[in-house]
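Observations on the three-dimensional arrangement
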Amino acid sequence: MRVETAFPGGSDLSVTGPTLTLEDGAGAAVESAAGGALSRLVSSSGSYRLRVSSGSPGFRAAYVVTVYLVDATAPVVVSTTLPAEGSATSELVHGWTMDWSEELDPATARNGSNHELRRSLNDVFGDGEDVVIPVVATYGSGVQVAISVEGPLQPGRYRFTTGTGVRDRSGNGLASPVVREFEVVGMAGFVTETTFNNTAAQATPMGPGGAGLVEGPPGLWTVLGRGRLSDASDVDYYGFAALAGDALVVGVETVGNPTSSQLYYRVDGPTGSYVTDFYATSVNGWGQRGPMTVSRDGLHTLRVSRNYDYFGEYRFRLNLLRGGLQSEGDTRLNDAPGTPSGVAYALVGGLLQARVAGAISTGDGPDHFRLGDLTEGTTVRLSLDLAPGSTLAGRLAIVLADGSVVAAASAEEATLEFQVPAGGGSYGARVTADSGAGLMAQYVLAISMGDERPPSVSSVSLPSEGSTTTALLSAFTVTFDEEMDPATVNGGAHVEVRSSANDVFGDADDVVYAAAGSGYAGGQSATFVIPDGPLQPGRYRLTLGTGLRDRAGNALATAVTRTFAIVPVPGFVSENRSNNTASTATALGSQGGWDGSWRASAAVGVGSSPYDIATADLDGDGNADLVTANINSGNASILYGNGDGTFGAAVSLPCDSGPIGVAVGDVNGDGQTDVAVVNHYSSRASIHLGQGARAWAAPTSVTTGTNPRNVRMADLDGDGRMEVLVA
């Protein structure tokens, strides 16, 4: 390389010239020369820069520098991220990089004709059987070229060639083509993302016709898939066949579970109908969702798309559960003994049995399953069956509700048996991963429980035997010594509450109350509701019949009875049995004279928006009459009473604008009752003088203060005539 400097007229550097220093990429000086000229033969490849300096810097220290580079050395490829020559890889290859010995001519580096990727269908490259795969070369400056393909590359043998058309900036071409042959192999047990699968119509088939699921253990159908998102706009679809009634479970992970690798997943049914969507449970990319019940036979799709900017490999597991096999549910929800997965047990040959599929993902804790409230002598048997290819080294245990271990299998044992000791208790089954947690750590847990002991009643929340209470009872709780069969508890057929009027239960005068279990699903306590209660004062007998059975089908050995009495609280009226409508209202008194109770009366129409009301005997017939001030109709309405709680049709008295208040009294001392109405909008009072026989003189209008709201009458001066007071 040679460097020369020139100086514009008047430059302060024209006499001495600047100092030129050649530095390497780290800033270390390689050679320095004063006077504005430098020449150097570069002895090692690398990145270089030129520094121009002067001992007399200033505004007039101007210069022009010219650099001459003479390069006759051909560029070479220093390294590449392609698989090694002749090697095989199971990685998902979407692209690779090539590092060069020097900077390249961008036009030649980016030219697609200078790069070629072939896939051989018969292990012989260059014949008519090859498939040429388009590549895109990206390069701007520096020494690295990025090559990308519409991928990932499918399993097969490949040859990549970069030709001699690639040149450096001095025009030196690659001395000979760079050739790399390698093989892409699939990962055992996994379906690899196909090249074009960014629409549902192009979904990667999970086996022929999407039916690539494999059964094992019985009822657990599994298929595994893997892919890679190439950029933020990339989405991948996978197609699988499912049957109506299948329980679908989806497990997911990202390779290495890096931070912020969580992806977004969506499942659609036939014709694109939405089934579910979810993000991976962990921000590190792993998790499990399900079970979701499939509603229609046909081809379903799983869609994978970005959440964070993670573009590495992802893997997933699709499970279809059939034949009554249950699922542990969403991962991490059953990590603690206090939040076990619920299990539905079936009574088969006198044994409670269930099979549950689960998996212990990366970062997932032990899986817990509810056995229930078990009675003394119950025998529990657990067995662990691994799915084909499962990585799990699992261990079985039986724990109490607080997590205390009461029985545990060794690492080599796939079964565990336990008998519940005296006192019984609440128990759960636990599956722990000694090693091998991850996407493929699948298992099926089989549970069998034998119980030949009949259940017993521990307590009833009703009054104690033979006692008396004033409580209003419309529900009660029965506690058993173990879990019961919900079907026998909730039906109400095996629980009876009856009252007797003559202290003899079972004869014709008994009244039977309905008593039904209120949504009992498990546990030792069941609440029974009396829908036609509360229980009325009297003597009662509760009977818990032998139709009540535990989950193993054992019935109460004998019926359980409880007798008690209910008495009213003195001075109070007790709610009757059916008072949920106005017509069946509880009467607050007996028939006859007024005793503080009320009854409904028919409505009578008056003017618009009645605002105030007054009462008096307006016509002298001894019956109370009503008068209302109607603010929106400009009148007052008189309702003459009939003496029996009913009234005749309204009689209208004209007023000014906005009648808002009304008062009654004798304002002129003639012995007749008069009516005074104040009018809010007109700020006047209307005085109606009574003339007897229900006749009224024309109103007199009197000015008041602004916007009056109320009116009263009183004899303020003791002259026997009423004065009218307006507010």
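For the structure itself, consult the block above.
Residues numbered from 1 in each chain as written. Predicted model: local features only at pLDDT ≥ 70, side-chain atom pairs only at ≥ 80, totals over all residues. Heavy atoms only, no water.

This paragraph deals with the sheet that holds strand S14 (residues 156-162). The strand order S8-S15-S14-S10-S11 describes an open sheet built from 5 strands, whose pairing is mixed. The sheet is open, and its two borders are formed by strand S8 (88-89) and strand S11 (131-133), each paired with just one other strand. The pairing of strand S10 (residues 115-120) with S11 spans 3 bridges and is classified as antiparallel. Bridging across to S11, Arg118 finds its partner in Val132. (Pairing = 2+ DSSP bridges. Helix = DSSP H or I, 4+ residues; strand = E, 2+ residues; numbered from the N terminus.)

For the rest of this paragraph, the subject is the pairing of strand S21 (residues 247-254). With 8 of its 8 residues buried, S21 lies for the most part within the structure. Where S21 lies against strand S24 (residues 287-293), 5 bridges are found, and the strand directions are antiparallel. When the sheet's bridge partners are listed, Gly251 is paired in S24 with Gln288. Here S21 runs beside strand S26 (residues 313-321); their pairing, made up of 8 bridges, is antiparallel. Across the sheet, residue Val250 finds its bridge partner in S26, namely Leu318. (Buried < 20%, exposed > 50% of the residue type's maximum accessible area, 1.4 Å probe, protein only.)

Turning next to the packing of aromatic side chains. Taken as a whole and assessed by the stated rule, the structure comprises 10 aromatic pairs. An angle of 55 degrees between the planes, with centres 5.6 Å apart, marks the rings of Phe418 and Tyr427 as tilted. When its relative accessible area of 7% is taken as the criterion, Tyr427 is described as buried. Aromatic pair Phe476 and Phe528: ring centres 5.6 Å apart, planes at 20 degrees, arrangement stacked. Of this pair, Phe476 sits in strand S39 (residues 475-480) while Phe528 is found in strand S43 (residues 525-529), placing the two residues 52 residues apart along the sequence. Across the pair, Phe528 and Phe476 agree in class, each one buried. Members of the aromatic cluster, joined through ring pairs, are Tyr238, Tyr314 and Phe316. For Arg2, the ring lying beneath its charged end belongs to Tyr68, and the centroid distance is 4.3 Å. (Phe/Tyr/Trp six-rings, centres within 6.5 Å; stacked < 30°, edge-to-face > 60°. Lys NZ or Arg CZ within 6 Å of the ring centre and 35° of its normal.)

Let us look at the side chain of Gln262. Considering the arrangement of structural elements, one finds Gln262 in the loop between S21 and strand S22 (264-268). For Gln262, the side chain forms a polar contact with the main-chain oxygen of Ala280, separated by 2.7 Å. With near-sequence residues (within four places) excluded, Gln262 lies in contact with Tyr279, Ala280, Thr281, Ser282, Val283, Gly285, Asn307 and Tyr308. (Polar contact = N/O pair within 3.5 Å; in protein donor to acceptor, adjacent residues only side chain to side chain. Contact = heavy atoms within 4.5 Å.)

A separate point is the sheet that holds strand S4 (residues 37-39). Spatially, the 3 strands line up as an open sheet ordered S4-S1-S6, and their pairing is antiparallel. Strands at the two margins of the open sheet, each flanked by one partner only, are S4 and strand S6 (64-68). Going from strand to strand, the sheet's axes swing by 15 degrees on average, the running direction of each strand aside. Here strand S1 (residues 2-6) runs beside S6; their pairing, made up of 5 bridges, is antiparallel. Paired with Val3 across the bridge in S6 is Val67. (Axes fitted to C-alpha atoms, helices over the stretch in contact; angles between N-to-C directions.)

Let's shift gears to the nonpolar core. Membership of the largest hydrophobic core comes to 28 residues, with the highest contact counts inside it found for Leu371, Leu382, Ile398 and Leu445. Listed by contribution, the elements that provide at least two residues to this core are strand S29 (351-359), strand S30 (367-374), strand S31 (379-386), strand S32 (393-400), strand S34 (415-419), strand S35 (425-435) and strand S36 (442-450). The biggest single contributor to this core is S36, with 4 residues. The residues contacting Ile398, other than those within four sequence positions of it, are Leu371, Val380, Leu382, Ser404, Val405, Val406, Ala407, Leu416, Phe418, Tyr427 and Gly428. With 25 residues, the next largest nonpolar core counts Tyr265, Ala280, Val294 and Tyr314 among its residues. (Core = buried A, V, L, I, M, F, W, Y, C linked by side-chain atoms within 4.5 Å.)

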